[in-house]
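# Fold and contact review
This is what each chain is made of:
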Amino acid sequence: MTATVSENVVRELAPTGVLRAGINMSNMLLVTGRTESGDPAGVAPDMAAEIAKRLGVSVAYVKYEKPSLLADAADTNAWDIGLIGAEPARAERIAFTSAYCEIEATYLVPENSPFKSAAEVDQAGVRISVKRGTAYDLWLTRNIKHATVLRSDTPEGPINQFVADKLEAMASLRPALLEDVKKVPGTKILPGNFTAVQQAIGTARKNTAGAAFLSDFVAEAKRSGLVARLIERHQVQGLSVAP
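Residues numbered from 1 in each chain as written. Predicted model: local features only at pLDDT ≥ 70, side-chain atom pairs only at ≥ 80, totals over all residues. Heavy atoms only, no water.

Moving on: the overall build of the chain. Helix and strand counts for the chain stand at nine helices and 13 strands. Taken against the 2.2 N^0.38 rule, which gives 18 Å for 243 residues, the C-alpha radius of gyration of the chain at 19 Å falls within 12% of a compact globule. Principal-axis analysis of the C-alpha atoms places the extent of the chain at approximately 60 × 35 × 30 Å. The long-range share in the chain, meaning contacts at least 24 apart out of those at least 6 apart in sequence, stands at 70%. Accessible area of the chain: about 11,300 Å², with a carbon and sulfur share of 51%. Charge centroids of the chain, computed over 27 positive and 27 negative side chains, lie 1 Å from each other. (Helix = DSSP H or I, 4+ residues; strand = E, 2+ residues; numbered from the N terminus. Rg over C-alpha atoms; globule rule 2.2 N^0.38 Å. Contact = heavy atoms within 4.5 Å. Areas by Shrake-Rupley, 256 points an atom, 1.4 Å probe, with all protein chains shown as cover. Lys, Arg positive; Asp, Glu negative; His and termini not counted. Charge placed at Lys NZ, Arg CZ, Asp CG, Glu CD.)

Structure below.
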């Protein structure tokens, strides 16, 4: 990328003189810890910090407990950029870059489940638990035609419901399921995936110059190896550079 950023881009992305970056704190692959000052640490915060560096401003993190709350704040002037899954429903109000990384989503099922792959789960009578408002929940909303999707608002809700009600499946990101399968004896993770959640960077649709800058930044970050280096730096398993 060029060293010089236009004043228009800075005006759109940092109108207060600081880049306010919306961060989804529930994504444990992209936010892997906290700094001594309490700021989020991980791949997503580092991407935001690098953007702020290119703009010549400081970064301030705006923290959200779940991605749906971050997306819902798109029109409230609470953040300038949001690091979140790029879903069509969100893209109605947010101008997204291409994905910079992606995470597979699949199902946890009982060990004696007849399903052999994630593609087989959408059948009548099948109940799927999921955390409400996640990118993979939005995918289920658009694509599940026969199974019943049961949504929970808390992080532990889906697995608790899966166990208590003896559900047929629980949907989540593969890295999270690798931990969940250890907690619940007699379960297995289905091979394959029903979607790959693509993590992108968005800004308000009115920020046309800013959106173009962000798209160029993400393309360069993937091409130069920056994203790969951040994944390696934070030792994140299950996260890969998006194509």
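One number sums up the size of the largest pocket: a volume of about 720 Å³. Surrounding the largest pocket, 33 residues form its lining, Ser26, Met28, Tyr136, Ser172 and Ala176 being those nearest its centre. Among the secondary structure elements, those contributing two or more residues to the lining of the largest pocket are strand E5 (81–85), strand E8 (127–131), helix H5 (135–143), helix H6 (157–164), strand E10 (169–173), helix H7 (174–183) and strand E12 (195–204). Counting residues per element, the lining of the largest pocket draws most heavily on H7, which supplies five residues. A class-by-class count of the residues in the lining of the largest pocket yields 18 nonpolar, nine polar and six charged. If you add up the space inside the second largest pocket, you get close to 210 Å³. Taken together, 16 residues form the lining of the second largest pocket, with Ala74, Asn77, Ala204, Lys206 and Asn207 sitting closest to its centre. (1 Å grid on protein atoms, 1.4 Å probe; cavity = no way out; pocket = protein on both sides within 12 Å on 5 of 7 lines; lining within 4 Å. Points joined across faces, edges and corners; volume = space filled by probe spheres on them. Nonpolar A, V, L, I, M, F, W, Y, C, P; charged D, E, K, R; others polar.)

Here we come to the environment of Ala176. Mapped onto the elements, Ala176 comes out in helix H7. With 156 residues separating them along the chain, Ala176 and Arg20 place their C-alpha atoms 28 Å apart.

So, about the pattern of salt bridges. Within this structure, the stated rule accounts for 15 salt bridges. Ionic pairing is found between Arg93 and Asp72, a salt bridge with its closest N-O pair at 3.9 Å. Residue Arg93 is found in the loop between helix H4 (88–91) and strand E6 (94–96), and its partner Asp72 is found in helix H3 (residues 67–72); the two are separated by 21 residues along the sequence. Glu179 serves as the salt-bridge partner of Lys182, at 3.6 Å between the closest nitrogen and oxygen. Of this pair, Lys182 and Glu179 both sit in helix H7, three residues apart, which is roughly one turn of that helix. When its relative accessible area of 62% is taken as the criterion, Lys182 is described as exposed. Glu179 sits in the partly exposed class, given a relative accessible area of 42%. Here the salt bridges do not stand alone but share partners, grouping Glu50, Arg54 and Glu220 into one network. (Salt bridge = Lys/Arg side-chain N within 4 Å of Asp/Glu carboxyl O. Buried < 20%, exposed > 50% of the residue type's maximum accessible area, 1.4 Å probe, protein only.)

Below, the discussion takes up the packing of helix H2 (residues 43–55) against helix H9 (residues 226–233). Each pair of packed helices can be summarised by the angle the axes make with each other and by the distance between the axes. Axis separation between H2 and H9 bottoms out at 9 Å; the angle between their running directions is 135°. As far as their axial angle goes, H9 and H2 are oblique. Handedness of the H2/H9 crossing: right-handed. Between H2, through Val43, Asp46, Met47 and Glu50, and H9, the contact on the second element is made entirely by Leu226, Val227, Leu230, Ile231 and Arg233. When the residues that make up the contact of H2 with H9 are grouped by side-chain class, the tally is six nonpolar, no polar and three charged. (Axes fitted to C-alpha atoms, helices over the stretch in contact; angles between N-to-C directions. Parallel < 35°, antiparallel > 145°, perpendicular 65-115°, else oblique. Left-handed = near helix turned anticlockwise from the far one by under 90°.)

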